[in-house]
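Residue strings, one per chain:
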Amino acid sequence: MQRNQLYHRVSLYLHSLPSIQDADYTNLITGSNQNDIVLRLDPNQTIQDTFLGATLFWFNQKTQPDRISYSFVLKIRKNDKRRILHPYLRHIHAVADEMENKGKRHLRLYMNAAAGAAQTRWRSVPFTHPATFETMAMEKDLKNKIKSDLESFLKARQYYRKLGRAWKRSFLLYGPSGTGKSSFVAAMANFLHYDVYDVDLSRIHGDSDLKFLLMETTAKSIVVVENLDRFLEAESSPAVSATGIQSFMDGILSACCGEERVMVFTMNSKESADPRLIRPGRVDVHIHFPVCDFSAFKTLASSYLGLKDHKLFARVEEIFRLGASLSHAEIGELMIANRNSPSRAIKSVIGALQTDGDGRRFGYAIGRQIECDDVDERALCDGDGFPTVKDSRKFYSFFKLRNARRTQQKSDSLAHER
Ligand SMILES: Nc1ncnc2c1ncn2[C@@H]1O[C@H](COP(=O)(O)OP(=O)(O)OP(=O)(O)O)[C@@H](O)[C@H]1O
Ligand SMILES: [Mg+2]
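Please read these numbers as outputs of a predicted model, since none were measured by experiment.

Some thoughts on the overall build of the chain
When you go through the chain residue by residue, the secondary structure sums to 15 helices and 12 strands. Of all 418 residues assigned to the chain, the portion counted as buried reaches 42%. Long-range contacts, defined as pairs at least 24 residues apart, comprise 68% of the intrachain contacts of the chain with a sequence gap of at least 6. When the accessible surface of the chain is split by element, carbon and sulfur atoms take 51% of a total near 23200 Å².

What follows is the structure, encoded as structure tokens:
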């Protein structure tokens, strides 16, 4: 059920050998960067290596004709075998370790397929999410605390071993939609240089299925369950029981699954969560993701619009002080949509912040903004270009009125058509 680490290391090692290019026949595939071309050993291709004066041959053989499973075969001359086999295997381990530690290994994102669909339940693609802690708009102190927490976790192997505990750390990320929880998981993966296993609970068929899935994950990975609260609320009779999820969270099978793993659970709110689910020990660190505030807005403006400061920032700050709230995702989208004109982008954020609070949804906010842009410029740029909150409110009540009239006209004409 677990990945064959020796096979994995030999594969890493062989693919790093220059002689892979000498083969008469090989496979060319796209690497994790689109412009990279990677040579991939073909079944039955032989590759030559030399070590301590001996020549060795490797080939990649299909184990059984009807299965997608391969094994590497190593050929060594009898006379060399006793002399070099062990040092050679140690050499392979050392090279593979170095490649992994230097970050030459490309990260992968694993997703669980439906049961019975494949030999291994995890399907993977290159993990290329560009999020980093630097691109995350969140409180600086908190960000630094998390970074040092993760750094000390990475160095704590002996400490966990001494305590008799699995070497893992669990995080609960909770907060409204669009505040950066998923992006944060990606940033963690890039920071730790860990693969990501994204568990889709709706594809799990029972508690034991969930255990097996955990057993198939590898070390140096983040195992993430997104929107756990929504799953527990939505499923009236879920295939996975609460205790199944709890033991999964504990990594109870720590004999195999306790090595260097980070587990992350995301929720919109932890209020309704069963306290047992998020008790200390089960979840080590709770991180709150609040809606965007002025400081986060400035970080977003800097990364999305390249703006360190702007004359409209004071207005934005004032509106935030009055209690307006939008998610980072909503503000980010408005900035992307108007990225060619920073002033316009900020004005559109101001507009959206001012009319927020009545539960409008994101798609509507953008639609509304694009529609009102034509009048927006005039209304906001009249006079000295710094309308007061009162002016803007007047403008938006005008806008709402106009929209209401339009809706009325539309329904009138619909009634007319009927
Ligand atoms: N704190 C943040 N800093 C920078 N960008 C952010 C932040 N929060 C959200 N974003 C942007 O908004 C988009 C959506 O964010 P993300 O998917 O991480 O939200 P989420 O909290 O996981 O939402 P959900 O609860 O709906 O899954 C991302 O593309 C990201 O670029
Ligand atoms: Mg998310």
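Structural notes on the site of ligand 1
As a structural note, the neighbourhood of ligand 1 is formed by 17 residues, with Ala137, Ser177, Lys181, Ser182 and Ser183 the closest of them. In the environment of ligand 1, an oxygen atom lies 2.6 Å from a nitrogen or oxygen atom belonging to the side chain of Ser183. Considered on its own, ligand 1 offers 620 Å² of accessible surface; in the complex 76% of this is hidden by protein. Breaking the shell around ligand 1 down by element, the ones donating at least two residues are α5 (181-192), α10 (294-305) and α12 (328-337). Looking at the shell around ligand 1, the element that brings in the most residues is α5, giving three residues. Taken together, the residues of the shell around ligand 1 sort by class into six nonpolar, nine polar and two charged. When residues of the shell around ligand 1 are sorted by domain, at least three fall in each of domain 2 (108-288) and domain 3 (294-412).

Observations regarding the confidence of the model for the chain
Per-residue pLDDT for the chain averages 79, and the proportion of residues at 70 or more is 78%. For the chain, per-element mean pLDDT is lowest for helix α14 (residues 362-381), which scores 32, and highest for α5, which scores 96. With pLDDT under 50 throughout, residues 357-418 is counted as low confidence; its partners more than four residues away or in other chains account for 57 contacts. Across the predicted assembly, pTM comes out at 0.73 and ipTM at 0.98.

Here we look at α10
With 12 residues, α10 should cover 16 Å at 1.5 Å per step; its first-to-last C-alpha distance of 15 Å lies within 8% of that length. Elements in contact with the buried residues of α10: α11 (313-321), α12 and α13 (342-354). One or two steps after α10, the chain reaches Gly306, where phi turns positive at roughly 70 degrees.

Some details on the packing of aromatic side chains
Within a pair of aromatic rings, the relevant descriptors are the distance that separates the centres and the angle that separates the planes. The full count for this structure, using the stated rule, is 18 aromatic pairs. Taking 6.0 Å as the distance between ring centres and 80 degrees as the angle between the ring planes, the aromatic pair formed by Phe153 and Tyr160 counts as edge-to-face. What makes Phe153 buried here is its relative accessible area of 1%. Through a chain of ring-to-ring contacts, the aromatic side chains of Tyr7, Tyr13, Phe51, Trp58, Phe72 and Tyr88 assemble into a single cluster.

Quick word on the pattern of salt bridges
Tallying each qualifying case throughout the model produces eight salt bridges. The shortest N-O distance in the salt bridge between Arg83 and Asp80 comes to 3.5 Å. Here Arg83 pairs with Asp80, and both are found in helix α2 (residues 78-101), just three residues apart, close to one helical turn.

A closer look at the sheet that holds strand β4 (residues 54-62)
An order of β3-β4-β5 is seen for the three strands of this open sheet, with the pairing classed as antiparallel. Two strands lie at the open edges of the sheet, namely β3 (46-51) and β5 (70-76), each paired on one side alone. Between one strand and the next, the sheet's axes are offset by a mean angle of 25 degrees, whatever the strand orientation. Pairing geometry for β3 and β4, over six bridges, is antiparallel. When the sheet's bridge partners are listed, Phe51 is paired in β4 with Ala54. Helix-sheet contacts for helix α1 (residues 5-16) involve β3, β4 and β5, and the interaxial angle to β5 is about 65 degrees.

As for the environment of Leu107
Along the chain, the position of Leu107 falls in the loop between α2 and β6 (108-112). When the C-alpha atoms of Leu107 and Ser221 are compared, they prove to be 9.4 Å apart, with 114 residues separating the residues in sequence. If sequence neighbours within four positions are ignored, Leu107 has contacts with Pro126, Phe127, Ala189, Asn190, His193, Tyr194 and Asp195.

As for the side chain of Arg9
Here Arg9 lies in helix α1. Taking the relative accessible area as the measure of exposure, Arg9 reaches 17% and is therefore buried. Within the local environment of Arg9, its side chain forms a polar contact with the side chain of Asp97, the two groups lying 2.8 Å apart. Contacts of Arg9, omitting those with residues within four sequence positions, involve Ile92, His93, Ala96 and Asp97.

Thresholds applied
- Residues numbered from 1 in each chain as written.
- Chains lettered and ligands numbered in written order.
- Predicted model: local features only at pLDDT ≥ 70, side-chain atom pairs only at ≥ 80, totals over all residues.
- Heavy atoms only, no water.
- Helix = DSSP H or I, 4+ residues; strand = E, 2+ residues; numbered from the N terminus.
- Buried < 20%, exposed > 50% of the residue type's maximum accessible area, 1.4 Å probe, protein only.
- Contact = heavy atoms within 4.5 Å.
- Areas by Shrake-Rupley, 256 points an atom, 1.4 Å probe, with all protein chains shown as cover.
- Near = heavy atom within 4 Å.
- Polar contact = N/O pair within 3.5 Å; in protein donor to acceptor, adjacent residues only side chain to side chain.
- Nonpolar A, V, L, I, M, F, W, Y, C, P; charged D, E, K, R; others polar.
- Domains from an automatic or database assignment.
- pLDDT = per-residue confidence, 0-100.
- Expected span 1.5 Å × (residues − 1).
- Phe/Tyr/Trp six-rings, centres within 6.5 Å; stacked < 30°, edge-to-face > 60°.
- Salt bridge = Lys/Arg side-chain N within 4 Å of Asp/Glu carboxyl O.
- Pairing = 2+ DSSP bridges.
- Axes fitted to C-alpha atoms, helices over the stretch in contact; angles between N-to-C directions.

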